Amino acid sequence: MTSVVVDRIGLLVTNDPSLGEGALGLVRDAAVVVEGGRIVAVGQSGLDADERIDAGGRCVVPGFVDSHTHLVFAGDRADEFAARMAGRAYEAGGIRVSVAATRAASSAELTALTAGRRAESRRAGITTVEIKSGYGLDVEHEARCLQVASGFTGDTTFLGAHVVPPEFDGRTDDYVHHVCTDMLAAASPHARWIDAFCEVGAFDADQCRAVLAAGHAAGLGLRLHANQLGHGPGVQLAVEMGCASADHCTYLSDADIDALAGSDTVATFLPATDFSTRQPYPDARRVVDAGAAIAIATNCNPGSSYTTSMSFCIALAVRDMRLTPEEALAAATVGGAAALRRTDIGAIAPGMRADLVELDAPSYTHLVYRPGMPLIRRVMEAGVLV
Ligand code: NIG
């Protein structure tokens, strides 16, 4: 097997404190040796290998782990976004617009659209992506969306409980029963996770609890959209049910933060969503200081956050959520891995998958210091330059 050394790394972020300085495990003038898609050695510049890539003194960070996206959809909601910028509030009901467009698209179209978005996110340094369904909302189309998603990731999530589709208007409990039975049966062979949108205008705590319990019984891992548009029971439900992640966490009470801090549930922040929906930014500082685990994800979707730029999310998290650049970078890498309960990604250490991002910058602080700039220079995913 051919080995490759990424050499002359000015500043390497390993996310492994045993390998270097501080929580990020920083190594200066570093080298990383990769073989068979895995990292086999981390050390000072000059390590030996069959082939050599010269990082030219730049900063190298672990590939970003995007633990919350909705990449499978058709249609466009730019007009809805423009109306929001003119003062209209974000409403969960906009999801139905994407449902209509997604149902009307062929599988080949959905695959091509998803491939385009995944290529874009890879260029943005995202080497692992989670993808939810949620724009099909019937047996056939949810299963189809998950099949498409499975072509791009193993971290697929069944989100039949996204909103109530028009054919179930006024019959939310009937729809929840349908999600928990026929839809789940069709979706679960293609999904690793199950999720629900716990929010006014979507599903209440009892309905979400029923969905998560059915998913658990079918062998799926649990995650939840929680506390996006207002205070509510979502975060506490996520903790009660042992969800891997409570996503959004825009509105958090002290009791929510205490619950997260005393649990294994990761608080996943989606700052580009708060940007695109003009919500207040959550105070992530309080969550970190309380001892809870956090992640940052893009939430790429057509309604509330149409971006695959993790760099943008990191910049917002530092500028507006009071994280340090170190905390934000960790949240976008090893934090995302924890939110997906993955131990093979999120760090640059022997045995980990070889997911590396070379920045066109001497340090990761430039992701925040130079917002909006194309700083992702080269991306290696599982040992392959992409
Ligand atoms: O995570 N909140 C629910 N789902 C998506 C938005 C979906 C949409 O508006 O199309 C989210 O923000």
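Residues numbered from 1 in each chain as written. Predicted model: local features only at pLDDT ≥ 70, side-chain atom pairs only at ≥ 80, totals over all residues. Heavy atoms only, no water.

**Concerning the pattern of salt bridges**
Threshold: Take a side-chain nitrogen of Lys or Arg and a carboxyl oxygen of Asp or Glu: if they are within 4 Å of each other, that pair is a salt bridge. By the criteria applied, helices consist of DSSP H or I runs no shorter than four residues and strands consist of E runs no shorter than two, each listed in order from the N terminus. Only protein chains enter the accessibility calculation, which uses a 1.4 Å probe; a residue is then buried when its area is under 20% of its type maximum, exposed when over 50%, and partly exposed in between.
Counted according to the given criterion, the structure contains 28 salt bridges. In this structure, Glu358 engages Arg378 in a salt bridge whose closest nitrogen and oxygen atoms are separated by 3.0 Å. Placement of the pair is Glu358 in strand E15 (residues 356–359) and Arg378 in strand E16 (residues 376–381), with a sequence separation of 20 residues. The class for Glu358 is buried, based on a relative accessible area of 5%. By relative accessible area, Arg378 is classed as partly exposed at 27%. Via salt bridges that share partners, Arg58, Glu358, Asp360, Arg377 and Arg378 belong to a single interconnected network.

**As for the site of the ligand**
Applied cut-off: Throughout, the term near means that a residue has one or more heavy atoms lying within 4 Å of the molecule or strand in question. Identification of polar contacts relies on pairs of N or O atoms within 3.5 Å, with a donor-acceptor requirement for protein atoms, meaning one able to donate a hydrogen and the other able to accept it, and with residues adjacent in sequence counted only if both atoms are side-chain atoms. Under the scheme applied, nonpolar residues are Ala, Val, Leu, Ile, Met, Phe, Trp, Tyr, Cys and Pro; charged residues are Asp, Glu, Lys and Arg; polar residues are all the others, including Gly.
Close contacts around the ligand come from 15 residues, with Arg77, Tyr90, Tyr135, Gln228 and Ser304 the closest. A distance of 2.6 Å separates an oxygen atom of the ligand from a polar atom in the side chain of Tyr135. The separation between an oxygen atom of the ligand and a polar side-chain atom of His225 is 3.1 Å. Classifying every residue of the shell around the ligand gives four nonpolar, 10 polar and one charged.

**Quick notes on the environment of Val176**
The criterion, for reference: Only heavy atoms enter the contact rule, under which two residues are in contact if any of them lie within 4.5 Å.
As for its position among the elements, Val176 is in helix H5 (residues 172–187). Under the relative-accessibility criterion, Val176 is labelled buried at 6%. Here the alpha-carbon distance between Val176 and Val164, two residues 12 residues apart in the chain, equals 8.5 Å. In this view, Val176 contacts Phe203, Gln207, Ala210 and Val211; residues no more than four positions away in its chain are not counted.

**Focus: the packing of aromatic side chains**
The condition that has to hold: Within 6.5 Å between ring centres, the rings of Phe, Tyr and Trp (the latter by its six-membered ring) count as paired, and their orientation is classed by plane angle as stacked under 30 degrees, edge-to-face over 60, tilted in between.
This structure, assessed with the given rule, holds five aromatic pairs. Taken together, a centroid distance of 6.1 Å and an interplanar angle of 70° make the contact between Phe73 and Tyr135 edge-to-face. On the criterion of sequence distance, the pair formed by Phe73 in the loop between strand E6 (64–66) and helix H1 (78–85) and Tyr135 in the loop between strand E8 (131–132) and helix H4 (139–150) is long-range, its members being 62 residues apart. Taken together, a centroid distance of 5.1 Å and an interplanar angle of 90° make the contact between Phe275 and Phe312 edge-to-face. Here Phe312 lies in helix H11 (residues 310–321) and Phe275 lies in helix H9 (residues 271–276), a separation of 37 residues in the sequence. Its relative accessible area of 28% is what places Phe312 among the partly exposed residues. Counting every residue linked through ring pairs, the aromatic cluster contains Phe73, Tyr135 and Tyr306.

**Some thoughts on H4**
This is how the line gets drawn: A helix is expected to reach a length of 1.5 Å times the quantity of its residues less one.
The terminal C-alpha atoms of H4, which comprises 12 residues, lie 17 Å apart, in line with the 16 Å expected from a rise of 1.5 Å per residue. On its buried side, H4 packs onto helix H2 (95–104), helix H3 (107–123), E8, strand E9 (156–161) and H5.

**Quick word on H3**
Here is the rule we go by: What the arc covers is the set of directions going from the helix axis to the C-beta atoms.
The end-to-end C-alpha separation of H3 is 24 Å, in line with the 24 Å expected for 17 residues at 1.5 Å each. Of all the residues in H3, the buried ones are Leu110, Thr114, Arg117, Arg118 and Ser121. The buried residues of H3 all sit within an arc of 100° when viewed along its axis, so they share a single face. Seen from the buried face of H3, the exposed residues on the opposite side, beyond 90 degrees, are Ala108 and Arg123. Summarising the contacts, the buried residues of H3 are in contact with H2, strand E7 (126–129), E8, H4 and E16.

**Examining the domain arrangement of the protein**
Note the cut-off: Source of the domain bounds: an automatic or database domain assignment. By buried area we mean how much accessible surface two parts lose on assembly, using a 1.4 Å probe and totalling the loss over both.
According to the domain assignment, the protein consists of domain 1 (3–63 + 346–385) and domain 2 (65–339). Domain 1 and domain 2 are separated by 29 Å when their C-alpha centres are compared. Here domain 1 packs against domain 2, burying approximately 1500 Å² in sum over the two surfaces, 66% of which is carbon and sulfur. Counting across the interface, domain 1 meets domain 2 through two salt bridges.

**Things to note about the sheet that holds E8**
Going by this rule: The pairing criterion for strands is at least two bridges between them, as found by DSSP. Axes here refer to lines fitted to C-alpha atoms; in helices the fit is confined to the stretch in contact. Angles between the N-to-C directions go from 0 to 180 degrees.
Taken in spatial order, the seven strands of this open sheet run E8-E9-E10-E11-E12-E13-E14, and their pairing is parallel. On the outer flanks of this sheet lie E8 and strand E14 (294–296), each paired with one strand and no other. The sheet contact formed by strand E11 (residues 221–226) and strand E12 (residues 245–248) spans four bridges and is parallel. Bridge pairing in E12 places His225 opposite Asp247. Against the sheet, H5 engages E9 and strand E10 (193–198), with an angle of about 150° to E9. Relative to E10, helix H6 (residues 205–217) is tilted by about 175°, and along the sheet it contacts E9, E10 and E11.

**Here's the deal with the pairing of E10**
Operational definition: A clockwise course of the path from the first strand over the helix to the second, judged with the strands pointing away from the viewer, identifies a crossover as right-handed.
The element E10 is largely enclosed, with a buried count of six among its six residues. A two-sided burial pattern is seen for E10, the buried positions comprising Trp193, Asp195 and Phe197 on one face and Ile194, Ala196 and Cys198 on the other. Note: E9 against E10, three bridges, orientation parallel. By the bridge assignment for E10, Ala161 is matched with Ala196. Taken together, the four bridges between E10 and E11 define a ladder with parallel strand orientation. Across the sheet, Ile194 pairs through a bridge with Leu222, a residue of E11. One crossover worth recording links E10 to the parallel E11 by way of H6, and it is right-handed.

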